[in-house]
Amino acid sequence: MGVCFCLMQAPHPPLRDYYSLEADRGGWVRKIFDRTAGDYDRIERVMALGSGSWYRRNALRRAGLLPGMRVLDIGAGTGLMARQAAHLAGAAGQVIGIDPSSGMLQSARVPPGVELLLGRAEAIPLRAEAADFLCMGYALRHIADLSAAFGEFMRVLKPGGRICLLEITRPQGRVPRAVLKSYMRGIVPFLASVLGENSDSPTLMRYYWDTIDACVAPAQILQAIREAGFVEDCRTVALGIFSEYHARKPRA
């Protein structure tokens, strides 16, 4: 298979309320996740109204995660996605979680046998064709280069391997967008200030919405997936905001 030489494609422009230059993005994101890692699961449960685990597990099942598979969870964070992947892969499978934040990995709660590694989506620290299935839960907006990341996803998957990328997408229409913004940039940061122990947790939640609002359109994400060499790419949407990107590495 040929190599795709693609221009860098960030998921959103630099957000200058938080960092000034594109080159500063990775360090700023990593450090705020390091500082707020201890609060993350508590706030996520409130933000998702307790539905996060159920939704992740069913999304992985819909994408084709089967018992016995070797699974990579990119942007694993505190292990929210890895826990559900391990449940589906079973004792015969294997799950490896990869994240650039050492603080998040130190706070991760995962089943025995799940391996956690420090690394980035754009430079996955594994050999080629190492996995049957690759997933990412709500971390696409936090990487620096979609093209590089999708190229790495292609490299580490076995022929026929599948990806399942979950993301929150800005809703269509002014009213739905205003409602979601008021919840995620107003209510959730307030709850983070009440429930969290780190003073940066509300900032992280505001940043969470700002990345959603500024993120490239789903069509551009699908195009970048295709340009990396994936086939059968598609996007399904739940409740107008929860996007699931699926694709497969060609078998030959």
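Each remark here, short or long, concerns the structure printed above.
Residues numbered from 1 in each chain as written. Predicted model: local features only at pLDDT ≥ 70, side-chain atom pairs only at ≥ 80, totals over all residues. Heavy atoms only, no water.

## As for the packing of helix α1 (residues 25-47) against helix α7 (residues 201-214)
Thought 1: It is the contact of α1 with α7, at a shortest axis distance of 8 Å, that shows an interaxial angle of 85 degrees. As summarised for this structure, α1 and α7 are arranged roughly perpendicular, according to the angle between their axes. Where α1 approaches α7, its residues Trp28, Val29, Ile32, Phe33, Thr36, Asp39, Tyr40, Ile43 and Met47 are matched on the opposing element by Ser201, Thr203, Leu204, Met205, Tyr207 and Tyr208.
Thought 2: Across the contact of α1 with α7, the residue classes break down as eleven nonpolar, three polar and one charged. (Axes fitted to C-alpha atoms, helices over the stretch in contact; angles between N-to-C directions. Helix = DSSP H or I, 4+ residues; strand = E, 2+ residues; numbered from the N terminus. Parallel < 35°, antiparallel > 145°, perpendicular 65-115°, else oblique. Contact = heavy atoms within 4.5 Å. Nonpolar A, V, L, I, M, F, W, Y, C, P; charged D, E, K, R; others polar.)

## A word on the packing of aromatic side chains
Thought 1: Summed over all chains, the structure comprises seven aromatic pairs.
Thought 2: Among the aromatic side chains, those forming a connected cluster through ring pairs are Tyr18, Tyr19, Trp28 and Tyr207.
Thought 3: In this structure, arginine 141 packs its charged tip against the face of tyrosine 208, placed 4.4 Å from the ring centre. (Phe/Tyr/Trp six-rings, centres within 6.5 Å; stacked < 30°, edge-to-face > 60°. Lys NZ or Arg CZ within 6 Å of the ring centre and 35° of its normal.)

## Re the side chain of glutamine 9
Thought 1: Examined against the element boundaries, glutamine 9 turns out to sit in the segment before α1.
Thought 2: Relative accessible area serves as the criterion here: at 18%, glutamine 9 is assigned to the buried category.
Thought 3: What glutamine 9 contacts, discounting residues up to four positions off in sequence, is Ala144, Asp145, Leu146, Ser147, Gln220 and Ala224. (Buried < 20%, exposed > 50% of the residue type's maximum accessible area, 1.4 Å probe, protein only.)

## Quick word on the pattern of salt bridges
Thought 1: All chains considered together, the criterion is met by 17 salt bridges.
Thought 2: With a shortest N-O distance of 3.4 Å, arginine 120 and glutamate 122 are connected by a salt bridge.
Thought 3: Given a relative accessible area of 45%, arginine 120 falls into the partly exposed group.
Thought 4: On the accessibility criterion, glutamate 122 (16% relative accessible area) is buried.
Thought 5: Three or more residues joined by partner-sharing salt bridges are found here, namely Asp41, Arg83 and Arg109. (Salt bridge = Lys/Arg side-chain N within 4 Å of Asp/Glu carboxyl O.)

## Here's the deal with the nonpolar core
Thought 1: Counting 45 residues, the largest nonpolar core has Leu60, Val71 and Phe133 as the members making the most contacts within it.
Thought 2: Elements that contribute at least two residues to this core include exactly α1, α2 (52-63), α3 (80-89), β4 (131-137), β5 (157-168), α6 (174-195) and α7.
Thought 3: For this core, the leading source of residues is α1, giving eight residues.
Thought 4: Among all residues touching phenylalanine 133, those that are not within four sequence positions of it are Leu60, Ala63, Gly64, Leu65, Met69, Arg70, Val71, Leu72, Leu157, Arg162 and Cys164.
Thought 5: Counting residues in each nonpolar core, the second largest holds 34 residues, with Ile74, Val216, Ile221 and Leu222 among its members. (Core = buried A, V, L, I, M, F, W, Y, C linked by side-chain atoms within 4.5 Å.)

## A few points about the sheet that holds strand β2 (residues 94-99)
Thought 1: What the seven strands build is an open sheet, ordered β3-β2-β1-β4-β5-β7-β6; its pairing is mixed. Strands at the two margins of the open sheet, each flanked by one partner only, are β3 (115-118) and β6 (231-238). With strand direction ignored, the average angle separating the axes of adjacent strands in the sheet is 15 degrees.
Thought 2: Bridge count between β4 and β5: six bridges; the pairing is parallel. Bridging across to β5, alanine 131 finds its partner in leucine 157.
Thought 3: The sheet contacts of α3 involve β1 (70-74), β2, β4 and β5, and relative to β2 the element is tilted by about 165 degrees. (Pairing = 2+ DSSP bridges.)

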